[in-house]
Amino acid sequence: MLRPNGSVFTPSVLTLIGIPGLESVQCWIGIPFCFMYLMAVIGNTLILVIIKYENSLHSPMYIFLAMLGATDIALSTCILPRMLGIFWFHLTEISFDACLLQMWLIHSFQATESGVLLAMALDRYVAICNPLRHASIFSQKLLTHIGISVILRAVVLVAPCIVLIKYRLKFYRTTVISHSYCEHMAIVKLATEDIRINKILGLFVAFTILGFDISFITLSYFQIFVTVFQLPQKEARLKAFNTCIAHICVFLQFYLLGFFSFFTHRFGSHIPPYVHILLSSLYLLVPPFLNPIVYGVKTKQIRDRVLKMIFSKRHPDH
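Residues numbered from 1 in each chain as written. Predicted model: local features only at pLDDT ≥ 70, side-chain atom pairs only at ≥ 80, totals over all residues. Heavy atoms only, no water.

A. View of the nonpolar core. With 89 residues, the main nonpolar core has Leu65, Ile165 and Ile177 as its most contacted residues. Not counting residues within four places of it along the chain, the set of residues in contact with Ile165 comprises Phe96, Leu100, Met103, Tyr172, His184, Ile187, Val188 and Asn198. (Core = buried A, V, L, I, M, F, W, Y, C linked by side-chain atoms within 4.5 Å. Buried < 20%, exposed > 50% of the residue type's maximum accessible area, 1.4 Å probe, protein only. Contact = heavy atoms within 4.5 Å.)

Structure, rendered in structure tokens:
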């Protein structure tokens, strides 16, 4: 339904154009993206299977790692299949409600991942700074409560952004989204009405989740480093630090990529649009791809189990 001024009243279908400015090479960009997605799914599924069937890995640290792996699979699956449909098969149309659903899922899984990283940092903090109480604090009941809380927080905080778009913004200057997936600001900027409330809510949700999580993660690792460097023996310091190194790598890649994407999208008006889109796409693809590699390399129990699986398949007689 068109209005006299040319705006569209609540469109039923939106069009995702992919990466503006790089349409001619999108099919080639899709190849490394597809590779990263497949590796993310295989790597995280492998970690989930190892943790499930290896009884010695049923500890809080590995349960949180399993939660991270499941979130990574879900997050990358929300974005990649449809993105490849745009790049390879020109399937650019998406219904308005499906676009809002994709946006809600992506931002909810991002928030969930941030919450899991916070839980992992707190687990390492208690394990190193108060090891005698670790088992009693991180009980099965607490792990369940943490898992439910992390998911509920993400779902509840992101939902108002969807509701505001759905029921507040009625007129759209165009139905074409200059993006490769449905992202909050990319949809909001299509509206002809005042979008300040939507922008403020988006920033509030981002800073409530990321600001809270990063503050406590940083505080946890500060306390961990203080405790580790106070240990008298060098071997004990190295062992304690080694249990955290994988978490620190994952933590840095997730938040640094996130902040870089976030600030270039909002404040980098002089940066070409395709740089914004590529950065935001990589932000959703790189952590799920790298996380299983980081944990596979840095976590001895997982590394040993993977090697055992590989060599047992090569030498079935043994």
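Next, the rest of the story.
B. Up close: the state of the cysteines. Taken as a whole, this structure holds one disulfide when the rule is applied. Linked covalently through their sulfurs, Cys99 and Cys182 form a disulfide whose S-S length is 1.9 Å. Looking down the S-S bond of the Cys99 and Cys182 bridge, the torsion is -115°, so its handedness is left-handed. Separated by 83 residues along the polypeptide, Cys99 in helix H3 (residues 96-129) and Cys182 in the loop between strand S5 (176-177) and helix H6 (184-188) bring together distant segments of the chain. With a relative accessible area of 0%, Cys182 lands in the buried category. The cysteine Cys34 is free of any disulfide, with Cys27 supplying the nearest cysteine sulfur at 13 Å. Cys244 provides the cysteine sulfur closest to Cys249, a residue in no disulfide bond, and the two sulfurs are 11 Å apart. (Disulfide = S-S within 2.5 Å. Helix = DSSP H or I, 4+ residues; strand = E, 2+ residues; numbered from the N terminus.)

C. Main features of the environment of Leu307. Here Leu307 lies in helix H10 (residues 300-314). Assessed through its relative accessible area of 38%, Leu307 is described here as partly exposed. Placed 140 residues apart in sequence, Leu307 and Tyr167 show a C-alpha to C-alpha distance of 53 Å.

D. Main features of the packing of aromatic side chains. Counted according to the given criterion, the structure contains 11 aromatic pairs. Geometrically, the ring pair formed by Phe64 and Phe138 is edge-to-face, given 6.2 Å between the ring centres and 85° between the ring planes. Highlighted residues: Phe64 in helix H2 (residues 60-89) and Phe138 in the loop between helix H4 (134-137) and helix H5 (140-168), separated in sequence by 74 residues. As far as burial versus exposure is concerned, Phe64 and Phe138 are alike and both buried. Here the aromatic residues Tyr221, Phe251, Phe254, Tyr255 and Tyr283 are joined through ring pairs into a cluster of three or more. Cation over ring: Lys52 sits above Tyr53, and NZ or CZ is 5.6 Å from the ring centre. (Phe/Tyr/Trp six-rings, centres within 6.5 Å; stacked < 30°, edge-to-face > 60°. Lys NZ or Arg CZ within 6 Å of the ring centre and 35° of its normal.)

E. Highlighting the side chain of Ser180. Here Ser180 lies in the loop between S5 and H6. Here the side chain of Ser180 touches Ser281 through a polar contact of 3.3 Å, side chain to side chain. Residues contacting Ser180, with those up to four places away along its chain left out, are Leu16, Gly18, Met83, Ile86, Phe87, Ile277 and Ser281. (Polar contact = N/O pair within 3.5 Å; in protein donor to acceptor, adjacent residues only side chain to side chain.)

F. Up close: the UniProt feature "transmembrane region" (unreviewed entry) in the protein. Sequence positions flagged by UniProt for "transmembrane region" (unreviewed entry) are, in local numbering, residues 28-51, 63-89, 101-122, 142-165, 200-228, 240-262 and 274-295. Counting secondary structure, residues 101-122 comes out at 100% helix and 0% strand; the distance between its end C-alpha atoms is 31 Å. (UniProt positions renumbered as here; feature names shortened; annotations may be inferred.)

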